[in-house]
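Report on the structure
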Amino acid sequence: MARALPSNKRAIQLAIFIAFGFLFGYDIGVISGCLIMPDFIDRFGEMGSNGQMVLSSSRQSIITSLLSAGTFVGALAQAFTSDRFGRRGSILIWSAIFTVGVAVQTGTTFSVVQFTIGRFIAGLGVGALSAIVPLYNGETAPKALRGTLLVLYQLQIIIGIFLSYILDLATHKIPNSASWRVPVGLQLVWGLILLSGIFFLPESPRHLLGTERAEEARTVIAELNGVPEDDSLVEDILEELSFGIKAENEGGKATWAECFSTRNNLWKRTGNGMMLQFIQQLNGQNFYYYYGDTFFQSAGTELSPYVIQVILGAVSVVGTIPALRLIETWGRRRSLLTGALLEGACSLIAGLVGHYTLAPTGTPKELLTPRNKAGGDTLIAFAVLHVFSFSIFWGPTPLWNFLLSFFAPRIAGDIGPLILLIFFGMLLFGYVYVYLFIPETKGLSLEEVDEMYRSGVKPWNSAEWKPHLNDKLHKEHHVDKDLVEDSEKQSA
């Protein structure tokens, strides 16, 4: 039968929908503005020595970091639900949990304990979804579009951050609790939209094959590629997926310890995933996302901290758009190396300039010198360049995110802009790590990535490596065909 012309329209639509919640990005950004809103401080702050309510750095840490603690737990817990209930069922379960957490936050009046518990519950959903959604995208997307669709997920996160900044800017002058309840409560809409996916989200074909539901997998593959079920493309994808699942299962049933086993170099893949997320979360951009409003108050600029955050959000969106193309042309490895150098330079310059030129925190604006103002403008400019570089080249692990959000305000309170030198050191380490240990996976399916790790190719030579998975499949197919023909001849 002649192969039909495949269409990726359905796969792209699904990828856009399940990323529509942009939960992780929105929740990162929205709390940044709330921390300096007068009504929020009056409700959840403490009485300062001057008789006014203040939100101490320790209380900021707790409010912000409890979401990240929840994301860590949720990211681990989703491993059980995604296998037991499937990717589709897990997306729906954790969307519901997230929605409950947002409702708890929005309904809080004066209890900082209730608000932080709501943050933790919402974090469970955010962490689980931030793990399941890329997995679902990777398993449903055609391999030629897999990298692009994963970047599209990152773009949705950045749009979520940007939207949260705009809402904070729009509501921060409201003289009552609506100033923070509106931007926080709007997340209920995102959760409900994701819950509506129960009506049309298909299950991952890889999960269906892994649970011995081959006919359902065939139907989903045909739907995602826009071809009939009996098309040869469907057969090729089924064979490739089956081969990859068989290779994974050769060592028996997978356990948590299996993640660190030497079989098929699984320890290498686990280590690389953990280290990339570690570097990604501690390279500086999330510091601006979480505490930018508070941090930029000390820069002495004429711009409102809310306006600066909106600028950062817009720059992030603009930077992520070329990444849609760059990840499939330049590749992952080269992008990571380039981004580490550019972001490192921005952190170094912003940290040193801020340390040596900014006035002490709390200095009235009328007492700022031209040197102070120029230093503040320079710090903000390189913060923008840092976020822009991140969006292009690195672009979302929750444990490390928790550590960042918990300790960052305390560290920044002690050493000020020099905290950026910590991120500079992390980016320098990241460059070395990527060069020595991260292979290029551009244009490869998940099964071909498995094959590359098993082959033992050196990361710096991986860009030239070619998969042989299809050759093995065709060879096995021809062997089976020859056996059938021999059997027919003998019967005749």
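A quick note: this is a predicted structure, and the numbers were derived from the prediction, not measured.

The secondary structure content of the protein chain amounts to 21 helices and two strands. Here the protein chain, with 492 residues, has 52% of them falling under the buried criterion. Just so you have it, the protein chain exposes about 21700 Å², and 65% of that area is on carbon and sulfur atoms.

Our next topic: the environment of Ala314. Structurally, Ala314 is set in helix H15 (residues 305–329). Sequence-wise, Ala314 and Ile159 are 155 residues apart; in three dimensions their C-alpha atoms are separated by 8.2 Å.

Ranked by internal contacts, the top residues of the largest apolar core, which has 46 residues, are Leu23 and Leu129. Residues in contact with Leu23, not counting those within four places in the same chain, are Phe98, Val126, Leu129, Trp190 and Leu194.

Attention now moves to the pattern of salt bridges. Evaluation of the coordinates by the stated rule reveals seven salt bridges. For Arg119, the salt bridge is made with Asp27, and the minimal N-O distance between the two is 2.9 Å. With a gap of 92 residues between them, Arg119 in helix H6 (residues 112–140) and Asp27 in helix H2 (residues 23–34) connect regions that are remote in the sequence. Here the two residues Arg119 and Asp27 agree in accessibility, since each one is buried. Across the pair Arg43 and Asp39 runs a salt bridge whose closest N-O atoms are separated by 2.7 Å. With Arg43 and Asp39 both in helix H3 (residues 38–44) and four residues apart, this pair spans about one turn of that helix. The burial state of Arg43 is the same as that of Asp39; both residues are buried. Salt bridges here are not isolated pairs; linked through shared partners, they connect Glu215, Arg218 and Glu235.

The phi angle at Glu212 is positive, at roughly 60°, despite the residue not being glycine. By the element assignment, Glu212 lies in the loop between helix H10 (205–210) and helix H11 (214–225). With a relative accessible area of 76%, Glu212 lands in the exposed category.

For the rest of this paragraph, the subject is the packing of aromatic side chains. Evaluated as defined, the whole model comprises eleven aromatic pairs. Judged by centre distance (5.5 Å) and plane angle (70°), the ring pair of Phe44 and Trp180 falls under edge-to-face. In this pair, Phe44 is assigned in helix H3 and Trp180 in helix H8 (residues 178–185), connecting sequence segments 136 residues apart. By the burial criterion, Phe44 is buried, and Trp180 matches it. Cluster of aromatic residues (ring-pair linked, three or more members): Phe40, Phe44, Phe115 and Trp180. Positioned above the aromatic ring of Tyr435, the side-chain terminus of Arg333 is 5.1 Å from the ring centre. Taking the ring centre of Trp330 as reference, the NZ or CZ of Arg334 above it sits at 5.2 Å.

Before going further, it helps to spend a moment on the packing of H2 against helix H9 (residues 187–195). Between H2 and H9, the shortest axis-to-axis distance is 11 Å and the interhelical angle comes to 170°. One way to sum up the angle between H2 and H9 is to call them roughly antiparallel. In this structure, H2 uses Leu23, Tyr26, Asp27 and Val30 to contact H9, whose residues at the interface are Gln187, Trp190 and Leu194. Within the contact of H2 with H9, the residues separate by chemical class into five nonpolar, one polar and one charged.

Remark: helix H5 (residues 86–106) packs on H6, axes separated minimally by 7 Å, with the N-to-C direction vectors making an angle of 155°. The pairing of H5 with H6 is recorded here as roughly antiparallel in orientation. Between H5 and H6 the crossing geometry is left-handed. Considering only residue class, the contact of H5 with H6 consists of 17 nonpolar, seven polar and three charged.

Moving on, we come to a nonpolar patch on the surface. On the surface, a cluster of nonpolar side chains totalling about 470 Å² of accessible area is made up of Val432, Tyr435, Leu436, Phe437 and Trp460. Secondary-structure assignment places Phe437 in helix H19 (residues 419–437).

What counts and how
- Residues numbered from 1 in each chain as written.
- Predicted model: local features only at pLDDT ≥ 70, side-chain atom pairs only at ≥ 80, totals over all residues.
- Heavy atoms only, no water.
- Helix = DSSP H or I, 4+ residues; strand = E, 2+ residues; numbered from the N terminus.
- Buried < 20%, exposed > 50% of the residue type's maximum accessible area, 1.4 Å probe, protein only.
- Areas by Shrake-Rupley, 256 points an atom, 1.4 Å probe, with all protein chains shown as cover.
- Core = buried A, V, L, I, M, F, W, Y, C linked by side-chain atoms within 4.5 Å.
- Contact = heavy atoms within 4.5 Å.
- Salt bridge = Lys/Arg side-chain N within 4 Å of Asp/Glu carboxyl O.
- Phe/Tyr/Trp six-rings, centres within 6.5 Å; stacked < 30°, edge-to-face > 60°.
- Lys NZ or Arg CZ within 6 Å of the ring centre and 35° of its normal.
- Axes fitted to C-alpha atoms, helices over the stretch in contact; angles between N-to-C directions.
- Parallel < 35°, antiparallel > 145°, perpendicular 65-115°, else oblique.
- Nonpolar A, V, L, I, M, F, W, Y, C, P; charged D, E, K, R; others polar.
- Left-handed = near helix turned anticlockwise from the far one by under 90°.
- Patch = residues over 30% accessible without salt bridge, like charges linked within 9 Å, V, L, I, M, F, W, Y side chains within 5 Å.

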